[in-house]
Every structure is written in structure tokens, then in C-alpha cells.
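# Structure at a glance
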Amino acid sequence: MVLTPFHVIPVWPLYARWPRRWDLLALSFGAVMSDVEIITVYPIVRTWQAGRGIMHSLLGVFTVNLVLVVLAARYLVPWIATRLDRRFPGKGWRTFAGHDFVADRKTLQVTIGSAILGGLTHLGIDLFMHYDTPLLWPWRAVPLAAVPWATDPTWNVAIELVAVVVFFVMVWKWLGK
Ligand SMILES: [Zn+2]
């Protein structure tokens, strides 16, 4: 699997390049939201193999994930960032790629579009890294993967190694700056 934070790699450049067209927080949380079920619901109920179910499906991206991402992007995270910035000023808590993302309010359409695109990139990447991504949950009969070697350890390690470098370059360039 791609480590959850690395899922922001395909979406951060969109905001850096077209800051007016995209909602940074909705893109970012959209891209990582699917993995929330792995650390919350499925370890408790122990139903779905490997912990991936509705939040890794197209249905989830347009329903559960969407609601959670919009709440996080429009309310929770701006609230936390504002508090942190007041408590520890000048540390870039509200800044990304030269923009104050708390002041940078987007229309609801932009937030929703960003949340969905972020979610789709998550599913797209997982298709290359897992034996079975439950894209069509709960309507499904056969395991879904984009490539037959999706779970090959060499492939996975290679992707992770590239991702870790790209991720830290992006963090260093944009986060808090
Ligand atoms: Zn995932």
C-alpha cells in the first residue's frame, strides 16, 4: 500500500498551479479520507478483508467520504489552524504554497469538486497497489486491480521509495510556506 500521507502527491500540485480553481484542504483530505476506515471501522467490526470497504468505493467517494471531507475542509481544519496560528504565531500554520488557506475560502462547488477528485485519485492509486480495491462496493463479483503485479513487493517498495522523496520535496517546498 502507499502510505496514507503520500496520497496527497497527485493533488497538491493542482493547488500550487491553479490555487483559485481548487480547494487545498478538500483536495488533501479527499485524497487521504479513504484510509480512515482502515484505522477506525474495520479493525473494530473485522468484516472486510484488509480493512477496505465503502470508503474505498466510488459510492463512498460521493457520499460518506464527501460529507466528512467537506466538514473537515470547511470547518474543522480551518478552526484548528486558526487556533494554532494564534497560539504559535509566525509558524505557517495557515500557509501553503504562498497562500493563506484559511482566508482562501472557496465556493461549495469548488470544495465538493476538490473532495471528489481527491477521492478518485486515492482509488486510482490503490488500484495499482492492491490485489483488490472494492471500487464497486457493494456491487461486485471479481477482485479489482489495475495491474496483475499490484502486490508485487519490488513494485511496492519502488513506488514507496519514489513517493517518499517526492512527498518530502513537496512538504519542504509548500507546507507552511
Ligand atoms: Zn487506501
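The structure we're discussing is the one just above.
Here is a short report on the structure shown in this document. Small disclaimer: the values here were computed from a predicted structure and weren't measured.

### Quick word on the pattern of salt bridges
Inspection of the entire model under this criterion finds 3 salt bridges. For Arg94, the salt bridge identified is with Asp100, shortest N-O distance 2.9 Å. The class for Arg94 is buried, based on a relative accessible area of 18%. Residue classification places Asp100 among the partly exposed residues on the basis of a relative accessible area of 30%. With its nearest N and O atoms 2.8 Å apart, the salt bridge here joins Lys106 to Asp104. Here Lys106 falls in the buried class, since its relative accessible area comes to 10%.

### Some words on the packing of helix 6 (residues 64-87) against helix 7 (residues 108-129)
At a minimum axis separation of 10 Å, helix 6 and helix 7 run at an interaxial angle of 125°. Overall, the two elements helix 6 and helix 7 adopt an arrangement that is oblique. For the pair helix 6 and helix 7, the sense of crossing is right-handed. Contacts between helix 6 and helix 7 involve Leu66, Val69, Val70 and Arg74 from the first element and Leu108, Thr111, Ile112, Ala115 and Ile116 from the second. Taken together, the residues of the contact of helix 6 with helix 7 sort by class into 7 nonpolar, 1 polar and 1 charged.

### Focus: the packing of aromatic side chains
A full pass over the atoms with the stated rule returns 8 aromatic pairs. Measuring from ring centre to ring centre gives 4.9 Å for Trp12 and Phe96, while their planes differ by 65°; the resulting arrangement is edge-to-face. Placement of Trp12 in helix 1 (residues 12-17) and of Phe96 in strand 1 (residues 95-96) is noted, with a sequence separation of 84 residues between them. Assigned by exposure class, Trp12 and Phe96 land together as buried. Residues Trp12 and Phe167 carry aromatic rings whose centres are separated by 6.2 Å and whose planes lie at 20° to one another, so their mutual orientation is stacked. With Trp12 in helix 1 and Phe167 in helix 8 (residues 153-174), the pair connects residues that are 155 residues apart, well separated along the chain. Judged on exposure class, the residue Trp12 and its partner Phe167 are both buried. Through successive ring pairs, a cluster of aromatic residues spans Phe6, Trp12, Tyr15, Phe96, Phe167, Phe168 and Trp174.

### Let's talk about the environment of Thr40
By the element assignment, Thr40 lies in the loop between helix 3 (36-39) and helix 4 (41-45). Of the polar contacts made by the side chain of Thr40, one reaches the backbone oxygen of Val36; its length is 2.7 Å.

### Comments concerning the coordination of the zinc ion
Those donors, Asp35 (OD), His56 (NE2), His122 (NE2) and Asp126 (OD), are the protein atoms that reach the zinc ion, and they lie 2.1 to 2.3 Å from it. For the zinc ion, the 4 donor atoms in the first shell make angles of 86 to 173° at the metal, a pattern classed as irregular. In primary-sequence terms, the residues that donate to the zinc ion follow D-x20-H-x65-H-x3-D. Of this pair, Asp35 sits in the loop between helix 2 (24-33) and helix 3 while Asp126 sits in helix 7, and the two are 91 residues apart along the sequence. For the pair shown, Asp35 and Asp126 are each scored as buried.

### Remarks on helix 7
Taking 1.5 Å as the rise per residue, helix 7 with 22 residues should run 32 Å; its terminal C-alpha atoms sit 32 Å apart, in good agreement. Taken together, the buried positions of helix 7 are occupied by Thr111, Ser114, Ala115, Ile116, Gly118, Gly119, Thr121, His122, Leu123, Asp126, Leu127 and Met129. Where helix 7 is buried, its residues meet helix 2, helix 5 (58-62), helix 6 and helix 8.

### What about the packing of helix 2 against helix 7?
In a packed pair of helices, the relevant descriptors are the angle between the two axes and the axis-to-axis distance. Two elements in contact, helix 2 and helix 7, have axes separated by 7 Å at closest approach and are oriented at 30°. For the element pair helix 2 and helix 7, the recorded crossing hand is right-handed. Note on element contacts: helix 7 touches helix 2 through Thr111, Ser114, Ala115, Leu117, Gly118, Gly119, Thr121 and His122, opposite Ala26, Leu27, Gly30, Ala31 and Val32. Partitioning the contact of helix 2 with helix 7 into residue classes produces 6 nonpolar, 7 polar and no charged.

What counts and how
- Residues numbered from 1 in each chain as written.
- Predicted model: local features only at pLDDT ≥ 70, side-chain atom pairs only at ≥ 80, totals over all residues.
- Heavy atoms only, no water.
- Salt bridge = Lys/Arg side-chain N within 4 Å of Asp/Glu carboxyl O.
- Buried < 20%, exposed > 50% of the residue type's maximum accessible area, 1.4 Å probe, protein only.
- Axes fitted to C-alpha atoms, helices over the stretch in contact; angles between N-to-C directions.
- Helix = DSSP H or I, 4+ residues; strand = E, 2+ residues; numbered from the N terminus.
- Parallel < 35°, antiparallel > 145°, perpendicular 65-115°, else oblique.
- Left-handed = near helix turned anticlockwise from the far one by under 90°.
- Contact = heavy atoms within 4.5 Å.
- Nonpolar A, V, L, I, M, F, W, Y, C, P; charged D, E, K, R; others polar.
- Phe/Tyr/Trp six-rings, centres within 6.5 Å; stacked < 30°, edge-to-face > 60°.
- Polar contact = N/O pair within 3.5 Å; in protein donor to acceptor, adjacent residues only side chain to side chain.
- Donors = N, O, S within 2.8 Å, 3.2 Å for Na, K, Ca; no water.
- Tetrahedral: all angles 85-135°; square planar, octahedral: opposite > 155°, others 65-115°.
- Expected span 1.5 Å × (residues − 1).

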